[in-house]
Amino acid sequence: MQTVRVTDVAPRDGLQAEAVPVPTVHKAALVRAVQKTGVAEVEVSSFVSPKWIPQLGDAADLFALLAPFKPDRVLYAALVPNEKGLDAALMVNAAARSEHGIERLIDKVSVFTAASETFTQKNTNATIADTIERFRPIVPRAHEQGLRVRAYISCVVACPYEGDIPPTAVADVARQLLELGVDEIDLGDTIGAGTPETIDAVVTEVIDALDGRAVNRFGEPSLTLHLHDTFGHAAACVRTALELGVRSFDASSGGLGGCPFASTPERRAPGNIAMATLVRTVEDMGFVTGIDRAAMAEADRVASGLIA
Ligand code: HMG
Ligand code: MG
């Protein structure tokens, strides 16, 4: 049976928009519960401006709490929007190396842009082209340190400000990111607008942009799908993506999540596809996730206890 990689983004995407601050020790408890589930990766936090996302301003402290407890088989990831973010991530790794002898606490940095100019501006105060230029020095510097680089593209189906986004616009951004040498493209359906038809269209375009590179130099999937479940279509979209060959998905324990800049005044952005929904859907399609159901239920319980 084929394996599907699962990344839990609850500690980052799930908590970045919380109105009530979540204490760092509680976030650490969530990560520790999540990493017991058998998940391949945990997206722990972001090294972004604390003025923009105060909820994740404790990223370095959180990683320091986690350092003694990181299992070898789980990768830790963090978002970085610019070189300042990468510097902060590398400082965390240097501290973990000197204090705990850990070669790399953070294994992957994730840069992020979008296929919508308006969203990119509101999320990162930059044009899409500017974000690509910000990433250009990040990729070789991360690689020199043995880190993987994921590149998120948000609004791959629709943008909360611009409406429908053409799949060719997404593939165009993907090509630019691949030219930079990123290890993985992660397609974000930021507002959960996707349907099996629209996911089919955009995934097909991006697979074309990948030009046969189904796995990267780490032997890991080059393409990930990051679904939000606003309208309850995420499971159907997962099935479509599996049929197209996608073998990596993000989800969040407890279904936490939502990008603050994807919200409109009337509606807060909804959560990521719940881990339980993803695992059930993927395994029903005959794939292996390696997720232990009892540990997943415990992580769900911890996650749900954190939010207001
Ligand atoms: P800016 O204001 O244009 O940046 O923000 P700046 O370079 O002018 O710096 C402004 C201040 O921020 C300065 O501090 C910098 O030092 C500081 P001051 O001098 O005023 O005291 N700063 C930083 N501090 C810490 N870490 C950094 C950093 N960079 C600058 N890395 C910036 C530009 C990109 C920094 C800002 O817009 C930002 O941090 N945005 C983050 C937005 C974000 O995290 N959004 C959520 C993640 S994306 C998402 O959720 C979508 C996803 O889930 C996929 C999907 O669902 O579609 C991934
Ligand atoms: Mg998201």
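Below is a summary of the structure that appears in this document. Bear in mind the structure is a predicted one, so any value in this text is a computation, not a measurement. (Residues numbered from 1 in each chain as written. Chains lettered and ligands numbered in written order. Predicted model: local features only at pLDDT ≥ 70, side-chain atom pairs only at ≥ 80, totals over all residues. Heavy atoms only, no water.)

1. Here we look at the coordination of the magnesium ion (ligand 2)
Ideal coordination angles are 109.5 degrees for a metal with four donors arranged tetrahedrally and 90 or 180 degrees for a metal with six donors arranged octahedrally. Where we set the bar: In this description, a donor is an N, O or S atom within 2.8 Å of the metal centre, a cutoff extended to 3.2 Å for sodium, potassium and calcium. Water is not part of the atom list, which can make sites seem incomplete. The numbering of helices and of strands both runs from the N terminus, where a helix is a DSSP run of H or I of at least 4 residues and a strand a run of E of at least 2.
Only Asp13 (OD), His226 (NE2) and His228 (NE2) from the protein reach the magnesium ion (ligand 2) as donors, at distances of 2.1 to 2.3 Å. Look at where the donors of the magnesium ion (ligand 2) fall in the sequence and you get D-x212-H-x1-H. Taken together, the residues Asp13 in helix H1 (residues 10–14) and His228 in the loop between strand E9 (223–227) and helix H9 (234–244) connect sequence positions 215 residues apart.

2. Overview of helix H8 (residues 196–210)
To keep it simple, the criterion reads: Multiplying 1.5 Å by the helix residue count minus one yields the expected span of that helix. In this scheme, a residue with accessible area under 20% of its type's maximum is buried, one over 50% is exposed, and one in between is partly exposed, where area comes from a 1.4 Å probe on protein chains only. Here the arc refers to the set of directions running from the helix axis out to each C-beta atom. By the convention used here, residues are in contact when the closest approach between their heavy atoms is within 4.5 Å.
For H8, built from 15 residues, the straight-helix expectation of 21 Å at 1.5 Å per residue is met to within 8% by its first-to-last C-alpha distance of 21 Å. Among all positions of H8, only Ile199, Val202, Val203, Val206, Ala209 and Leu210 are buried. Seen end-on, H8 carries its buried residues on one side only, within an arc spanning 110°. Those residues of H8 hidden inside the fold are in contact with helix H7 (167–180), strand E8 (184–189), E9 and H9.

3. Comments concerning the pattern of salt bridges
Selection rule: The salt bridge criterion pairs a side-chain nitrogen of Lys or Arg with a carboxyl oxygen of Asp or Glu, the two atoms within 4 Å.
Per the counting criterion, the structure on display carries 22 salt bridges. For the salt bridge of Arg5 with Glu41, the shortest nitrogen-to-oxygen distance reads 3.0 Å. With Arg5 in strand E1 (residues 5–8) and Glu41 in strand E2 (residues 41–46), the pair connects residues that are 36 residues apart, well separated along the chain. Looking at Arg5, the relative accessible area reads 9%, which means it is buried. Where Glu43 meets Arg12, a salt bridge forms, and the shortest distance between an N and an O atom there is 2.6 Å. Linking Glu43 in strand E2 with Arg12 in helix H1, this pair joins segments that are 31 residues apart in sequence. Judged by relative accessible area, Arg12 falls into the buried class, the value being 5%. A single salt-bridge network, built from bridges that share partners, covers Arg5, Arg12, Asp13, Glu41, Glu43, Lys108, Arg148, Arg150, Glu184, Asp186, Glu220 and Asp250.

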